[in-house]
Amino acid sequence: MSRLNDKVAIITGAAEGIGLAISEAFVKAGASVIMADINTAKGKREAARLSRDNRRAEYAYCDVGNTASINLLVETCVKTFGKIDVLVNNAAVAISGEITQMPDEDWDTLMNINLKGAFRTVRACLPYMISAQSGSVINISSTQAHRSWDNWTAYATAKGGLLSMTNQLAGQFGSNNIRFNSISPGTILTPMLDKRMKSEGEQFLKASIHQAAMLRCGKPEEVAMTAVFLASDEAAFINGEDIKVDGGLSTLPRYFE
Ligand SMILES: NC(=O)c1ccc[n+]([C@@H]2O[C@H](COP(=O)([O-])OP(=O)(O)OC[C@H]3O[C@@H](n4cnc5c(N)ncnc54)[C@H](O)[C@@H]3O)[C@@H](O)[C@H]2O)c1
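Residues numbered from 1 in each chain as written. Predicted model: local features only at pLDDT ≥ 70, side-chain atom pairs only at ≥ 80, totals over all residues.

Student: Can you break down the overall build of the protein residue by residue, with the values?
Tutor: From N to C terminus, the protein includes eight helices and seven strands. In terms of overall dimensions, the protein is globule-like: its C-alpha atoms have a radius of gyration of 17 Å, near the 18 Å expected for 257 residues. Dimensions of the protein, computed from C-alpha atoms along their principal axes, come out at roughly 55 × 35 × 35 Å. The buried share among the 257 residues of the protein stands at 45%. (Helix = DSSP H or I, 4+ residues; strand = E, 2+ residues; numbered from the N terminus. Rg over C-alpha atoms; globule rule 2.2 N^0.38 Å. Buried ≥ 20, exposed ≤ 12 C-beta atoms within 10 Å, placed from the backbone.)

And the structure:
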């Protein structure tokens, strides 16, 4: 039997990178998926690709930085599939900046999308999960919530907030059979990483590879398979957990050239 048969999932930031890999892995595991993103052209194309062979993936425009957009997304999911079993809070932006130079706008954007976005989706999905007495929420955090990395304080603060939110809600809603867990990826080869390489140079990639105990970057699919596990009934008693998918990046001391 497929691991996510009959489950309905909302995945944010699903048009590319890790969110797309999670969507693909979920659909292959038997789930029906709403792929939420602001990149409509890519999102529609990928949803159509994943929908082949009687599989079900629907694209929905959703800006996680906007409450009305999220409320509409959740209504659309319930109208289309009748329920929400799994929510994956994956959408995020990467903005770096030396803390003494960071404008308020950059800080606010990171908090609004990377942290408040998850609050908005959880707030909208929880009533349905509570009434079903079942649910699995997976927040995509980062190794940056666990260790220091120069000039990434704001991004890391939002990711650390996600860990606290996960813990808090896992405690509060465990008795409703709703599980909250997170995944902390290390350096994963995605369009977000491409952008960082462009802004920080090849040295960034070199340092990332040297820091990872396994001496390589991760693949989006490697994060996706952990999400499949956490969404599935195999993880029925896992609640309030953070799983690092980082090849050992956070076990090592900092790398200096
Ligand atoms: N790539 C890495 O090395 C890495 C490491 C640790 C954590 N992460 C986390 O993993 C998640 C996915 O990262 P990725 O590397 O795949 O990113 P990515 O930039 O490659 O893809 C992000 C997706 O989110 C979408 N998105 C951006 N803003 C949005 C918004 N306001 N509303 C809805 N969708 C929006 C983008 O259109 C894109 O499709 C993020 O939460 C990121 O912080 C990534």
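Following the structure, the description resumes.
Student: So what about the nonpolar core? Which residues, and what values?
Tutor: Within the largest apolar cluster, 68 residues are counted, with the highest numbers of intra-cluster contacts made by Ala9, Ile11, Phe26, Met35 and Ala227. Sort the elements by how many residues they give to this core and helix α4 (residues 104–132) lands first, with nine residues. In contact with Phe26, not counting residues within four places along its chain, are Leu4, Ala9, Ile11, Ala31, Val33, Val228 and Ala231. (Core = buried A, V, L, I, M, F, W, Y, C linked by C-beta atoms within 7 Å. Contact = placed C-beta atoms within 7 Å.)

Student: Give me the lowdown on the site of the ligand, citing residues and values where you can.
Tutor: In the vicinity of the ligand, 28 residues are found, and the nearest of them are Gly13, Gly17, Ala92, Thr190 and Met192. Where the shell around the ligand is concerned, the elements lending two or more residues are α1 (17–28) and α6 (191–200). Taken together, the residues of the shell around the ligand sort by class into 15 nonpolar, 10 polar and three charged. (Near = placed C-beta within 6 Å. Nonpolar A, V, L, I, M, F, W, Y, C, P; charged D, E, K, R; others polar.)

Student: Outline the sheet that holds strand β3 (residues 56–61), supporting the account with residue identities and numerical values.
Tutor: Picture the strands of a sheet paired through backbone hydrogen bonds; they go either parallel or antiparallel. Here seven strands make up an open sheet; going across it, the order is β3-β2-β1-β4-β5-β6-β7 and the pairing parallel. The open sheet has two edge strands, β3 and β7 (242–245), and neither has a second partner. Within the sheet, the average angular offset between the axes of one strand and its neighbour, ignoring direction, is 20°. By the bridge criterion, six bridges tie strand β2 (residues 32–37) to β3 in an arrangement that is parallel. Of the residues in β3, the one forming a bridge with Val33 is Ala57. (Pairing = 2+ DSSP bridges. Axes fitted to C-alpha atoms, helices over the stretch in contact; angles between N-to-C directions.)

Student: Which residues make up the environment of Asn54, and what values go with them?
Tutor: Tracing the backbone shows Asn54 in the loop between α2 (40–50) and β3. Look at Asn54 and you get exposed, because 5 C-beta atoms sit within 10 Å. In the structure, Asn54 is positioned 122 residues away from Asn176 in sequence and 33 Å away in space, judged by C-alpha atoms.

Student: So, helix α8 (residues 220–231): which residues are in play, and what are the values?
Tutor: Every α-helix carries 3.6 residues per turn, so stepping three or four residues along brings you back to the same face. Compared with an ideal rise of 1.5 Å per residue, which puts 12 residues at 16 Å, α8 spans 17 Å between its outermost C-alpha atoms and is within 8% of the ideal. Of the positions making up α8, those classed as buried are Pro220, Val223, Ala224, Thr226, Ala227, Val228, Leu230 and Ala231. Summarising the contacts, the buried residues of α8 are in contact with β1 (8–12), α1, β4 (86–89), β5 (135–140), β6 (178–185) and β7. (Expected span 1.5 Å × (residues − 1).)

Student: An account of the environment of Ile18 is requested, with residue identities and associated values reported.
Tutor: When you line up the elements, Ile18 lands in helix α1. For Ile18, a count of 30 C-beta atoms within 10 Å gives the class buried. Taking the C-alpha atoms as reference points, Ile18 and Val223, separated by 205 residues in sequence, lie 7.0 Å from one another. Discounting residues that sit within four places of it in the chain, Ile18 has contacts with Asn90, Ile140, Pro185, Ile188, Thr190, Pro220, Val223 and Ala224.

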